[in-house]
Structure formats: structure tokens, C-alpha cells
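Descriptive structure summary
Here's the letter readout for the chains.
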Amino acid sequence: MQRISVIDSHTEGEPTRIIVSGGPDLGGGSVAQQRRVFQEKFDHIRSAVVNEPRGCDHLVGAIICKPQNPAAAAGVIFFNNVGMLNGCGHGTIGLAVTLAHMGRIGPGEHLIETPVGDVKIRLEPAHRVTISNVPSYRHAHAVELDVSVGGATRKVRGDVAWGGNWFFLVDREGAYGHGLDISLANLEALTRFSCAVRDALERSSITGTGGGVIDHIELFGPPVRTDCHSRNFVLCPGKEYDRSPCGTGTSAKLACLAADGKLRPGQVWGQESLIGSAFDGWFAPDPADSSRVLPSIRGSAWITSESTLIVDSTDPFGHGIRSSR
């Protein structure tokens, strides 16, 4: 039997399960190289950790791995019910409180290596964490799609942006907006529409830079909270929605706001999630590239459990019930 120790947390409602011991040996090299090893040789471990019967479709997993930079507090690789993720903002906040819970870091700033670049975390009082994310940018503006939902086809326009993952971002208002109420009561319609947008992107062969797959759809509408500027719905790979306001998605939004001149450097953007939780986001100009921004995201996370997962070689579902979503 294989024993895998994990620590669970949630960041503004979105869960993260982090492998802290008992995971596979991913060798040396960069975190991106270790991610490739994990994907190619140990996908059964990914499935065992996050899929049923131990997990669920909206659970995001991670494994702490060896960083190349000796000054880094850790390397991390994120995954979900259907495969590897490029980055994960809420998961990085969850990682921060997990490392603190393990006694590996204290208050202050620390470096984390991810497959898509270095991220800084700042551990603050009262479960608060600020992450300085990877450079983010808008790749394409006002991209038009023919979106088919329930037998009807209409045109939708949105932006393609990078915030650590690839996003297609659509506002509610206007002739080409999504026109949907961003609320839990409307979850089924939001999911159906977002899946149709993703299908339309694939049919139209629309991608991010270098053929990057746009696997996250982000819809916006008016906020409910008075301390926020918008409320979002984010459909993740695997067809589950983000309970948090989505860290990489908020980074992509900041890049689009900056490109439109709607947000100044250092100005705070309050991003509300579908369940009413919130991130604060702001950006600094990227001195290396004027078309990009350096986003910062602040949110809260809490430890929810410590446990040992047991993978019995005689169990037909020991490596999880693979999601087909």
C-alpha cells in the first residue's frame, strides 16, 4: 500500500490539496521539467489524489517539489480532475498557509518556483496572503465567436489574456456580451454557456501565444459586494467553476483593464467570486515589457485538514475514477 500525506486548505472557498510527502520522485531540473515527468509518468497519482473516491471534480491538487533556486522556499506543481495546470493563484495562496502550517516559512516574503515562472508570496496576519504573480498580458482584444447554446447561435466578443493560465474573458453588457446573471442560482446556464464558448474557441482554432490552449472561460457582471468592482464566473478545465475569484483569472483581468487604460498602476480592483468571496488585485508596469503587467493578488486561506491517503494495489479504484469531463 502506498501512503500519501496531504494537507487541505481553502482559499476564499476554493479547495487545494497539497501532497507534502509520499509523492513520486520527479528528479531534478526546473519545476517545468518536473511537471513534465509528473504528467508523463505519474498521472495515476494525480488522479488518485483529486478524483473520486478520495476527491471531487472541483478539488485542485498540488505537489511540493524541489526548486532549482536555493533561495526559493519551494517549487510547486498544480493539477486538477483532468490534468496538469500551468499555474494557480488561489492554490499558491493555499500553499503559503500550508508551508506556514508546516513550519517551513514565517511572516514576510518568500519565493516560489512554478512551471510558468517565479511567484512571490507574502505571508500576512489573519490568514492573509499576497502573491506577486507572473507577468500577465492581453493577447487579443474583442475576439468574435459564434457561440451555440440550446440550438441558438449568437455572436460573442471577448479578450484572450494570460495570467498564469489562458483565459477568454467576456463581459455581460453590450450586444456581444454574455447577458447572464452571475449568481449561484444561474449556475447551470453559466456553465452551459461557458462550455459553448470553449467549444467555439476550439472550432475556430483560437489559441493563446504559441498555440496555448485557452482552457479557462471567465464571465463578468456587476458585483454584489460594495467593496468590489465586478463579480466573475470562471469555468476551469474539467468543467467545474472556481469558488474563489480565481487568482490567475484576476491577473488576466488586470492585464485587460491596464490595456484599456481603465486601471492605473497600484489602483486596487476588488474581484468578487460567484459565492461572494473576494480578492484584491493591483498591478505594476513590467519594466521588461511595456505590453505586460506585474499583478498582485491578495486573499485569505485556511487549513481544513491533514490526512494520509492510502492507495491499495488491490483496489480497482485505487487510482481514482478518471474524470471524462
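What comes next concerns the included structure. (Residues numbered from 1 in each chain as written. Predicted model: local features only at pLDDT ≥ 70, side-chain atom pairs only at ≥ 80, totals over all residues. Heavy atoms only, no water.)

**Side note on the state of the cysteines**
Under the defined criterion, the tally for this structure stands at 0 disulfides. Take C88: it sits in no disulfide, and the sulfur closest to it among the cysteines is that of C246, at 7.3 Å. Taking the relative accessible area as the measure of exposure, C88 reaches 10% and is therefore buried. The structure places no disulfide on C195, whose sulfur is separated from the nearest cysteine sulfur, that of C236, by 11 Å. (Disulfide = S-S within 2.5 Å. Buried < 20%, exposed > 50% of the residue type's maximum accessible area, 1.4 Å probe, protein only.)

**Quick notes on the packing of aromatic side chains**
Inspection of every chain in the model, using the stated rule, returns 4 aromatic pairs. Considering the side-chain rings of F38 and F79, the 5.4 Å spacing of their centres and the 80 degrees angle between planes classify their relative orientation as edge-to-face. On the criterion of sequence distance, the pair formed by F38 in helix α1 (residues 31-41) and F79 in strand β4 (residues 74-79) is long-range, its members being 41 residues apart. Pairing Y137 with W166 gives two aromatic rings, centres 5.8 Å apart and planes at 90 degrees, and the pair type is edge-to-face. Here Y137 is found in strand β8 (residues 137-149), whereas its partner W166 is found in strand β10 (residues 166-171), with 29 residues between them in sequence. There is no split in this pair, since Y137 and W166 are both buried. Through a chain of ring-to-ring contacts, three or more aromatic side chains come together here, namely Y137, W162 and W166. (Phe/Tyr/Trp six-rings, centres within 6.5 Å; stacked < 30°, edge-to-face > 60°. Helix = DSSP H or I, 4+ residues; strand = E, 2+ residues; numbered from the N terminus.)

**With respect to helix α3 (residues 89-101)**
The first and last C-alpha atoms of α3 sit 19 Å apart over 13 residues, in line with the 18 Å expected at 1.5 Å per residue. By the criterion of burial, α3 is predominantly enclosed, with 11 of the 13 residues buried. For α3, the full list of buried residues reads G89, H90, G91, T92, I93, G94, L95, A96, V97, T98 and L99. Looking one or two residues beyond α3, the residue adopting positive phi is G103, at roughly 80 degrees. (Expected span 1.5 Å × (residues − 1).)

**Quick look at the pairing of β8**
Relative to strand β9 (residues 152-162), β8 runs antiparallel, the two sharing 10 bridges. Opposite A140, over in β9, you have V160 as the bridge partner. Where β8 hands over to β9, the hairpin turn is made up of 2 residues, of which G150 adopts a positive phi near 60 degrees. (Pairing = 2+ DSSP bridges.)

**Description of unusual backbone geometry**
In this chain, E52 is followed by P53 through a cis amide linkage whose omega measures 10 degrees. With respect to the helices and strands, the residue P53 is situated in the loop between α2 (43-50) and β3 (60-65). One non-glycine residue, A126, lies in the positive phi region at around 60 degrees. By secondary structure assignment, the location of A126 is in the loop between β6 (117-123) and β7 (128-132). On the basis of relative accessibility, which here comes to 61%, the residue A126 falls in the exposed class. Its identity as a non-glycine residue notwithstanding, S205 has a phi of 55 degrees, on the positive side.

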